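# Chains, contacts and geometry: an overview
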Amino acid sequence: MFLKKYIQDIWGAVKSLATGMKRTGYYFTHHKEIITQQYPDNRDTLVLPERFKGEVVMIHDENNEHACTGCTACELACPNATIKIITKFDVDAETGKKKKAIDTFVYHLELCTMCNLCVEACPTGAIKMAQTFEHSVFDRSQLTKTLNKPGSKIRAGVE
């Protein structure tokens, strides 16, 4: 009884090994179908899938303007408090009324799960997921980023 089970286990292992070696042999003879990326050797030609999510970035145009209104929808949608938006009130030059504006958009990359909920929640499309993936640092504080650039302001017409 014990010998029969032992031989069956060995036969199963050999069969499994042969199945894996069959796939390896196939790729050895069909070079054009190899899907493995040779990173970092192919860093210049590396193509990531469109659905890849690397980190949250705020989109700025050539005039250093963004579409973030400071509504905090992304902050509320984030399941683990990765985003912190600090707002301020600016006085509108034309009307003299106080208007809410973004002061600092803090993003904690080390906490982010790349779930994309913040991008989906943003009503103005001010943030998106970038395709950056090299985030290795020696100091964890470098993973806390300010997404709005210094001196940036809200784009005209965005409410």
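Residues numbered from 1 in each chain as written. Predicted model: local features only at pLDDT ≥ 70, side-chain atom pairs only at ≥ 80, totals over all residues. Heavy atoms only, no water.

## Some thoughts on the overall build of the chain
For clarity, the threshold we go by: Here a helix means four or more residues in a row that DSSP labels H or I, a strand means two or more in a row labelled E, and each is numbered from the N terminus. For this measure, only C-alpha atoms enter the radius of gyration; the expected value for a globule follows 2.2 Å times N^0.38, where N is the number of residues. Between buried and exposed lies partly exposed: a residue is buried under 20% and exposed over 50% of the maximum accessible area for its type, with that area taken using a 1.4 Å probe on protein chains only. Between two residues, a contact is recorded if the distance between any of their heavy atoms is within 4.5 Å. Under this rule, positive means Lys or Arg and negative means Asp or Glu; His and the chain ends count for nothing. Working definition for charges: the position is that of NZ of Lys, CZ of Arg, CG of Asp or CD of Glu.
Assigned secondary structure in the chain consists of three helices and seven strands. Starting at the N terminus and walking to the C terminus, you meet the elements of the chain as α-β-β-α-β-β-α-β-β-β. Scaling as 2.2 N^0.38, a compact globule of 159 residues should have a C-alpha radius of gyration of about 15 Å, whereas the chain reaches 25 Å, well beyond that. Each principal axis of the C-alpha distribution contributes one length, and for the chain these read about 90 × 40 × 30 Å. Residues counted as buried form 26% of the 159 residues belonging to the chain. Across the chain, every contact between residues at least 6 apart in sequence was considered, and the portion connecting residues at least 24 apart equals 69%. Between the mean site of the 21 positive side-chain charges and the mean site of the 19 negative ones, the chain shows a separation of 9 Å.

## A look at the pattern of salt bridges
Spelled out, the test is: We count a salt bridge whenever a side-chain nitrogen from Lys or Arg sits within 4 Å of a carboxyl oxygen from Asp or Glu.
All chains considered together, the criterion is met by six salt bridges. For Glu134, the salt bridge goes to Arg43, with nearest N and O atoms at 2.9 Å. Linking Glu134 in the loop between strand E5 (127-130) and strand E6 (144-146) with Arg43 in the loop between helix H1 (2-29) and strand E1 (55-58), this pair joins segments that are 91 residues apart in sequence. Between Arg155 and Asp61 there is a salt bridge, with the nearest N and O atoms lying 3.4 Å from each other. Here the residue Arg155 occupies a position in the segment after strand E7 (153-154), and Asp61 occupies one in the loop between E1 and strand E2 (65-66), the gap between them amounting to 94 residues. Judged by its relative accessible area of 28%, Arg155 is partly exposed.

## A look at the nonpolar core
So the rule is basically this: Put simply, buried Ala, Val, Leu, Ile, Met, Phe, Trp, Tyr and Cys residues joined by side-chain atoms within 4.5 Å make one nonpolar core.
Membership of the largest hydrophobic core comes to 21 residues, with the highest contact counts inside it found for Phe105 and Ile127. Among the elements of the structure, E1, strand E3 (83-91), strand E4 (98-108), helix H3 (117-121) and E5 are those that each provide at least two residues to this core. Sorting elements by how many residues they give to this core places E4 first, with three residues. The residues touching Phe105, leaving out its near neighbours within four places in the chain, are Met58, Cys68, Cys74, Ile83, Lys84, Ile85, Ile127, Lys145, Thr146, Leu147 and Asn148.

## Things to note about the sheet that holds E6
What counts, and what does not: Pairing between two strands is assigned when DSSP locates at least 2 bridges connecting them. Fitted lines through C-alpha atoms give the axes, limited to the stretch in contact for helices. The angle between two N-to-C directions lies from 0 to 180 degrees.
The sheet built from three strands is open, its strands ordered E3-E4-E6 with antiparallel pairing. Single-partner strands in this sheet number two, and they are E3 and E6. Geometrically, the sheet is characterised by an average inter-axis angle of 25 degrees between neighbouring strands, direction not taken into account. In this structure, E3 lies alongside E4, joined through nine bridges in antiparallel fashion. By the bridge assignment, Phe89 is partnered in E4 with Lys100.

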